[in-house]
Amino acid sequence: MTSNSNRSSRWTLRPWQAADLEPVMKLFQEVVHTTGAKYYQPEQINAWAPQEGGDRSAWLESLTQNMSYVVEAEGVIIGFGDMTSEGHIERMYVHPKYQGQGVARSLMRKFEDEAKKLGLHKLTTDASVIAMPLLKRFGYEVMQEYHKSHRGVSFTNYLMEKKINPKSDATKPCSCHSGKQYALCCQPFHEGKMPDTALQLMRSRFAAYALCIPEYIIHTTHPANVQFCQDTQAWTQQISEFSLHTEFRNLEILEFQEMGSVATVTFVAHLFQDKKDV
């Protein structure tokens, strides 16, 4: 697991406001007509997101009523999502350019935080064919596969659910085996903070593998690294498969040296697959 960073300026998450309506609806159109085109037929795309646009008043009402958030990068909205007070996630869309970089995970984590504040014990959503595999990586389970008709066109959807603990899990130990709480160790890096040292970067990448956060691994791998892959979808799947079938038992730091712009970390990672040391 090589720890070379190539992280650009990150995005910020904030509450939605009425002035965001136009860019949010435009982003919805762009995501459906680009990412969606890889999974759906043209008639499904046009039924899902008609070129003439959606019902502005309905969008405004639901986004205002729900707990809604947008993600911005350099003043441009690159993602958004909303959740009802009952814990049902209505929408979540991320600009194609920023998919696989942790935007969706940050939105989902925000929804979990809000749900815990409300004392809810689960989150639900009706996921598309595109979103279903992503939500599985976030800990959601498929409760039911069903078909629905939208503007006369049939779609396959999945009712998904994730059990949550209303009590904060901020005190759980970090998966990098530092002995610190996750919230005080690698979580801030997984949520967008830049690591200050090569040691923090290496630990946070180990924890990202253990927690199956492929977007963090991808975003912290330098393009010159032999592991770098232009096909982020295939790369994400590869990382996810490795994470889900590997037990990350321990991480031993043998030596850490930092001299100017050069830093080295010598470590031993104890990984097991099928109860065998790998």
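Numbering of residues starts from 1 in each chain and follows the order in which that chain's sequence is written. Under the rules for a predicted model, residues below a pLDDT of 70 receive no local features and side-chain atom pairs below 80 are neither given nor counted, while totals for whole chains, interfaces and linings still include all residues. Side-chain figures throughout are based on the complete set of non-hydrogen atoms in the structure, without hydrogens or water.

*Asks:* I keep staring at the sheet that holds strand 10 (residues 276-277) and nothing clicks. Help me out?
*Replies:* Either a parallel or an antiparallel arrangement is found when strands of a sheet pair, and the pairing is made through backbone hydrogen bonds. Strand pairing is assigned whenever DSSP identifies at least 2 bridges connecting the two strands. Per the convention used, a helix needs a DSSP run of H or I reaching at least four residues, while a strand needs a run of E reaching at least two, with both numbered from the N terminus. Spatially, three strands are ordered 8-9-10 in an open sheet, and the strand pairing comes out antiparallel. Looking along the sheet, the strands with just one partner apiece sit at the ends: strand 8 (247-259) and strand 10. Taken together, the two bridges between strand 9 (residues 262-273) and strand 10 define a ladder with antiparallel strand orientation. Following the sheet pairing, Phe-272 is matched in strand 10 by Asp-277. What makes two residues a contact is simply this: any of their non-hydrogen atoms within 4.5 Å. Axis definition: a line fitted to C-alpha atoms, limited for helices to the stretch in contact. Angles are taken between N-to-C directions and run from 0 to 180 degrees. Across the face of the sheet, helix 7 (residues 198-210) comes into contact with strand 8 and strand 9 while running at roughly 165° to strand 8.

*Asks:* I would appreciate a short explanation of the pattern of salt bridges in the present structure.
*Replies:* Pairs can form between side chains of opposite charge whenever their charged atoms are close. Just to be clear on terms, a salt bridge is a Lys or Arg side-chain nitrogen sitting within 4 Å of an Asp or Glu carboxyl oxygen. Scanning the entire structure with this criterion turns up 12 salt bridges. The shortest N-O distance in the salt bridge between Arg-91 and Asp-82 comes to 3.0 Å. For the pair shown, Arg-91 and Asp-82 are each scored as buried. A salt bridge links Lys-110 to Glu-114, with the shortest nitrogen-to-oxygen separation between them at 3.5 Å. For the exposure calls, accessible area comes from a 1.4 Å probe over protein chains only, and a residue counts as buried if that area is under 20% of its type's maximum, exposed if over 50%, partly exposed in between.

*Asks:* Explain the packing of aromatic side chains to me, please; I cannot follow it from the model alone.
*Replies:* Here the distance between the centres and the angle between the planes together describe a pair of aromatic rings. In this scheme Phe, Tyr and Trp rings, the latter by its six-membered ring, pair at centre separations within 6.5 Å, and the angle between planes marks the pair as stacked below 30 degrees, edge-to-face above 60, and tilted otherwise. The tally for this structure, following the rule as stated, stands at 12 aromatic pairs. Ring plane angle 85° and centroid distance 5.8 Å describe the contact between Tyr-209 and Phe-242, whose orientation is recorded as edge-to-face. Of this pair, Tyr-209 sits in helix 7 while Phe-242 is found in helix 9 (residues 232-244), placing the two residues 33 residues apart along the sequence. Here Tyr-209 falls in the buried class, since its relative accessible area comes to 7%. On the basis of relative accessibility, which here comes to 28%, the residue Phe-242 falls in the partly exposed class. Three or more aromatic residues link up through ring pairs in this structure, and these residues are Phe-28, Trp-59, Phe-80 and Tyr-93. Between Arg-91 and the ring centre of Trp-59, over which it is positioned, the NZ or CZ distance is 4.7 Å. The criterion is that NZ of a Lys, or CZ of an Arg, lies within 6 Å of the ring centre and within 35 degrees of the ring normal, and then a charge sits over that ring. Positioned over the ring face of Phe-272 is Arg-249, at 3.6 Å from the centre of the ring.

*Asks:* It is not clear to me how the sheet that holds strand 1 (residues 12-15) should be interpreted in this structure. Could you clarify?
*Replies:* Spatially, 1-2-3-4-5-7-6 is the arrangement adopted by the seven strands of the open sheet, whose pairing is mixed. Edge strands, defined here as strands with exactly one partner in the open sheet, are strand 1 and strand 6 (141-150). Averaged over all adjacent pairs, the angle separating strand axes in this sheet is 25°, with direction ignored. Strand direction decides the pairing type here: strand 1 and strand 2 (residues 67-73), joined by four bridges, are antiparallel. Note that in strand 2 the partner of Pro-15 across the bridge is Tyr-69. Sheet strands touched by helix 4 (residues 103-117): strand 1, strand 2, strand 3 (76-83), strand 4 (88-94), strand 5 (122-127) and strand 7 (153-163). Its angle to strand 3, the strand with the most contacts, is close to 35°.

*Asks:* I tried to follow the nonpolar core on my own but got confused; where do I start?
*Replies:* Among the nonpolar cores identified, the biggest contains 27 residues, and Val-103, Met-108 and Tyr-140 are the most heavily contacted of them. Elements with a minimum of two residues in this core: strand 2, strand 3, strand 4, helix 4, strand 5, helix 5 (131-137) and strand 7. With six residues, helix 4 is the single largest residue contributor to this core. In this view, Met-108 contacts Ile-89, Met-92, Leu-135, Phe-138 and Tyr-140; residues no more than four positions away in its chain are not counted. Among buried residues, those of type Ala, Val, Leu, Ile, Met, Phe, Trp, Tyr and Cys that are joined through side-chain atoms within 4.5 Å constitute a nonpolar core.

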